[in-house]
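# Structure assessment
Spelled out, the chains give:
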Amino acid sequence: MRGDFTQDQFDIESESNFRIQKIQHGLVPFVTNKNASASLTISVNNKKNSLSIQKGKLVFAKIPLDFNLGLQKNQLQFSINGNNIPIEKLVESINAKELETVSQVNGSGNANIQLTYKTELKKDAYPEIESTFSIRNGKLTEPIKKLTLNHINLVGSLSTSKGKGNEWVQIEKLSFSTISGPFAGAIRIENFILPSYSGH
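Notes on the structure follow.

Reading the values: the criteria
- Residues numbered from 1 in each chain as written.
- Predicted model: local features only at pLDDT ≥ 70, side-chain atom pairs only at ≥ 80, totals over all residues.
- Heavy atoms only, no water.
- Helix = DSSP H or I, 4+ residues; strand = E, 2+ residues; numbered from the N terminus.
- Buried < 20%, exposed > 50% of the residue type's maximum accessible area, 1.4 Å probe, protein only.
- Contact = heavy atoms within 4.5 Å.
- Phe/Tyr/Trp six-rings, centres within 6.5 Å; stacked < 30°, edge-to-face > 60°.
- Pairing = 2+ DSSP bridges.
- Core = buried A, V, L, I, M, F, W, Y, C linked by side-chain atoms within 4.5 Å.
- Salt bridge = Lys/Arg side-chain N within 4 Å of Asp/Glu carboxyl O.

### Looking at the overall build of the protein chain
Across its full length, the protein chain carries 2 helices and 12 strands. Each helix and strand of the protein chain, ordered N terminal to C terminal, gives the series β-β-β-β-β-β-α-α-β-β-β-β-β-β. Here the protein chain, with 200 residues, has 29% of them falling under the buried criterion. Partitioning the intrachain contacts of the protein chain with sequence separation of at least 6 by distance along the chain shows that 42% fall at a separation of at least 24.

### Quick word on the packing of aromatic side chains
One pass over the full model with this rule turns up 2 aromatic pairs. With 4.9 Å between their ring centres and 15 degrees between their planes, phenylalanine 78 and tyrosine 117 make a pair best called stacked. Of this pair, phenylalanine 78 sits in strand β6 (residues 75-86) while tyrosine 117 sits in strand β7 (residues 106-120), and the two are 39 residues apart along the sequence. Given the relative accessible area of 26%, phenylalanine 78 is considered partly exposed. Among the residues examined, tyrosine 117 registers a relative accessible area of 22% and is labelled partly exposed.

### Some details on the environment of proline 182
Following the sequence through the fold, proline 182 ends up in strand β11 (residues 181-190). Residue classification places proline 182 among the exposed residues on the basis of a relative accessible area of 77%. The spacing of proline 182 and histidine 151 is 31 residues in sequence and 9.2 Å in space, taken between C-alpha atoms.

### A closer look at the pairing of strand β5 (residues 63-71)
Pairing of strand β4 (residues 50-60) with β5, which is carried by 8 bridges, proceeds in the antiparallel orientation. Bridge pairing in β5 links phenylalanine 60 to isoleucine 63. Here β4 hands over to β5 after 2 residues, with alanine 61 in that stretch at a positive phi of 50 degrees. In terms of strand pairing, β5 meets β6 through 6 bridges, oriented antiparallel. Within the sheet, the bridge partner assigned to leucine 71 lies in β6 and is leucine 76. In textbook terms, the turn of a hairpin is the stretch between consecutive antiparallel strands, and for β5 and β6 this stretch comprises 3 residues.

### Some points on the nonpolar core
If you look at the biggest cluster of nonpolar residues, it comprises 8 residues: Phe10, Ile12, Ala38, Leu40, Ile42, Val44, Ile53 and Phe67. With 4 residues, the top contributor of residues to this core is strand β3 (residues 28-45). Those residues in contact with isoleucine 53, other than ones at most four positions away along the chain, are Leu40, Thr41, Ile42, Phe67, Asn68 and Leu69.

### Re the pattern of salt bridges
For the structure shown, the criterion picks out 3 salt bridges. Across the pair lysine 47 and aspartate 8 runs a salt bridge, and its minimum N-O distance is 3.9 Å. On the criterion of sequence distance, the pair formed by lysine 47 in the loop between β3 and β4 and aspartate 8 in the loop between β1 (2-3) and β2 (9-25) is long-range, its members being 39 residues apart. Taking relative accessible area as the criterion, aspartate 8 reaches 41% and is therefore assigned partly exposed. Note that glutamate 190 is salt-bridged to arginine 188, the shortest N-O span being 2.6 Å. We classify arginine 188 as partly exposed; its relative accessible area is 22%.

### A closer look at the side chain of serine 157
Topologically, serine 157 is positioned in strand β9 (residues 148-159). Leave out the neighbours within four places in its chain, and serine 157 touches Ser131, Thr132, Phe133, Trp168, Val169, Gln170 and Glu172.

Structure representation (structure tokens):
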């Protein structure tokens, strides 16, 4: 860690290796015990009680991600971008017990994800999350029964910006082929508390 910490405004350069013990949503842990590293410059403004990170680099479970972060007295926001992520690396990063079979599949192809997160730093604040994600020309093979999905193409998005009970995630386009033939469809899930589904 390097920087001049005596000024009202200063930058801190940092490179670190660390281990993520757990990332979970509700009672479901999606990531446990994964190695990670970060290279970033933190800009601190003591007059405004704020800090920011621009063009930070994060490598999580061998997945490279770019991120920006802004922290003020009453607000936190950050964004994450991952482009051309190998599908097999993305699948390996998921190791919830509920998804053990998924974490063992073999895959190829690339995935992209963009995510922004914003929340007020107060009790009962509900975060605003916007995300888009896609898979291009993917392939997945389940290791036990050797079921293979070829030519996987997916475009999806997620939003919580309308508040609790009005969240949604949708797969706008999904197509793949199996030994039985091609498949194409779409699905939308609304309200993460009492989910409702629609699709075709």
